[in-house]
Amino acid sequence: MIDNINENKMDLNVNFIKSVLSLFSEMQGNGISLVYLGEFNHEITKMFTSMAESDMERKKEDRYVKKRVYHVMVETLQNMNKHSDEITDAQIGNGLFVIGNKEDIYYVITSNKVARDKVEDLRNAIDEVNAASADELKKMYMQQIKHGKLSNKGGAGLGLIDIARKTGEKLVYKFLPIDEDFDLFILKVEINGDKIKDVKGK
């Protein structure tokens, strides 16, 4: 009986190790350098940005690209905090944060729980940002700075507009149903280092 229990434990350990190795290999293949799942707040944001900066310093990344990546990290984390429906009284929420780099493209992925009744407004806000030209994004940004909203119906938040302006890329997102009341909101932002260095050089 004891031998059987030990064998089962060994099987579990081996399976777990295989899972970890498989996950590690997949993360490496996708250029993922940082993954965090759990509580997030101001201090954790500072820790993430510091770690990412150190990694980019080690890679001797272009200064202008580093600034853009740093800015996007801060904005996406603040955006996750703003739209998360797991924020406590201590302003601590729960979510997933991923940063990676592959072929001169950095990407930041965040994921958090959003109440079902807020999904449509958030989806419309992102679609509004994605449909806007560079000039339109600038106008939207200035209107938010002055008035705090785009219209009587609200509109895209300053963070989403700023991310789109700084990256020049579309915001990629998904809403995955969790239960009757909540969806999982996944946001992916790309920072193309080559494009940013090219614009800087003009």
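Residues numbered from 1 in each chain as written. Predicted model: local features only at pLDDT ≥ 70, side-chain atom pairs only at ≥ 80, totals over all residues. Heavy atoms only, no water.

(A) Spotlight on the overall build of the protein. When you go through the protein residue by residue, the secondary structure sums to seven helices and five strands. Scanning the protein from its N terminus toward the C terminus, one meets helices and strands in the order α-β-α-α-β-β-α-α-α-β-β-α. Counting over 202 residues, the protein shows a buried share of 37%. Put simply, 68% of the contacts in the protein that link residues at least 6 apart link residues at least 24 apart. (Helix = DSSP H or I, 4+ residues; strand = E, 2+ residues; numbered from the N terminus. Buried < 20%, exposed > 50% of the residue type's maximum accessible area, 1.4 Å probe, protein only. Contact = heavy atoms within 4.5 Å.)

(B) Structural context of the side chain of D183. Looking at the secondary structure, you find D183 in strand 5 (residues 182-192). The exposure class of D183 is buried, given its relative accessible area of 5%. Among the polar contacts made by the side chain of D183, one reaches the side chain of R116 at a distance of 2.6 Å. (Polar contact = N/O pair within 3.5 Å; in protein donor to acceptor, adjacent residues only side chain to side chain.)

(C) Spotlight on the packing of helix 5 (residues 134-147) against helix 6 (residues 158-167). At their nearest, the axes of helix 5 and helix 6 sit 10 Å apart, and the two run at 150 degrees to each other. Read as a crossing pair, helix 5 and helix 6 show a hand that is left-handed. Taken together, the residues of helix 6 that come into contact with helix 5 (itself represented by L137, K138, M140, Y141, Q144 and I145) are L158, I161, D162, A164 and R165. (Axes fitted to C-alpha atoms, helices over the stretch in contact; angles between N-to-C directions. Left-handed = near helix turned anticlockwise from the far one by under 90°.)

(D) Focus on the pattern of salt bridges. For the coordinates displayed, the defined rule picks out eight salt bridges. A salt bridge links K59 to D55; the nearest nitrogen and oxygen atoms lie 3.1 Å apart. Taking the relative accessible area as the measure of exposure, K59 reaches 37% and is therefore partly exposed. Taking the relative accessible area as the measure of exposure, D55 reaches 17% and is therefore buried. One salt bridge in this structure joins K166 and D162, with 3.2 Å as the shortest N-O distance. Taken together, the residues span about one helical turn, with K166 and D162 both in helix 6 at a distance of four residues. (Salt bridge = Lys/Arg side-chain N within 4 Å of Asp/Glu carboxyl O.)

(E) Just unusual backbone geometry, in detail. Located in the positive-phi region is E103, a residue other than glycine, with phi close to 50 degrees. Using a relative accessible area of 74% as the deciding quantity, one classes E103 as exposed. Within the chain, D104 stands out as a residue other than glycine whose phi angle is a positive 65 degrees. Turning to its location among the elements, D104 is positioned in the loop between strand 2 (93-102) and strand 3 (105-115).

(F) Highlighting the environment of M56. With respect to the helices and strands, the residue M56 is situated in helix 2 (residues 42-58). Accessibility expressed as a relative area gives 2% for M56, which makes it buried. In sequence terms M56 and N101 are 45 residues apart; their C-alpha atoms lie 9.9 Å from each other.

(G) Structural context of the environment of M80. In this fold, M80 is placed in helix 3 (residues 63-83). For M80 and L96, which are 16 residues apart along the polypeptide, the C-alpha to C-alpha distance reads 9.2 Å. In contact with M80, not counting residues within four places along its chain, are F40, G95, L96, T110, S111 and N112.

(H) Focus on helix 4 (residues 116-131). Compared with an ideal rise of 1.5 Å per residue, which puts 16 residues at 22 Å, helix 4 spans 23 Å between its outermost C-alpha atoms and is within 8% of the ideal. Every buried residue belonging to helix 4 is among V119, L122, A125, I126, V129 and N130, and all of these are buried. Seen end-on, helix 4 carries its buried residues on one side only, within an arc spanning 140 degrees. Residues of helix 4 that are exposed and point over 90 degrees away from its buried face: D117, E120, D121 and A131. (Expected span 1.5 Å × (residues − 1). Arc of directions from axis to C-beta.)

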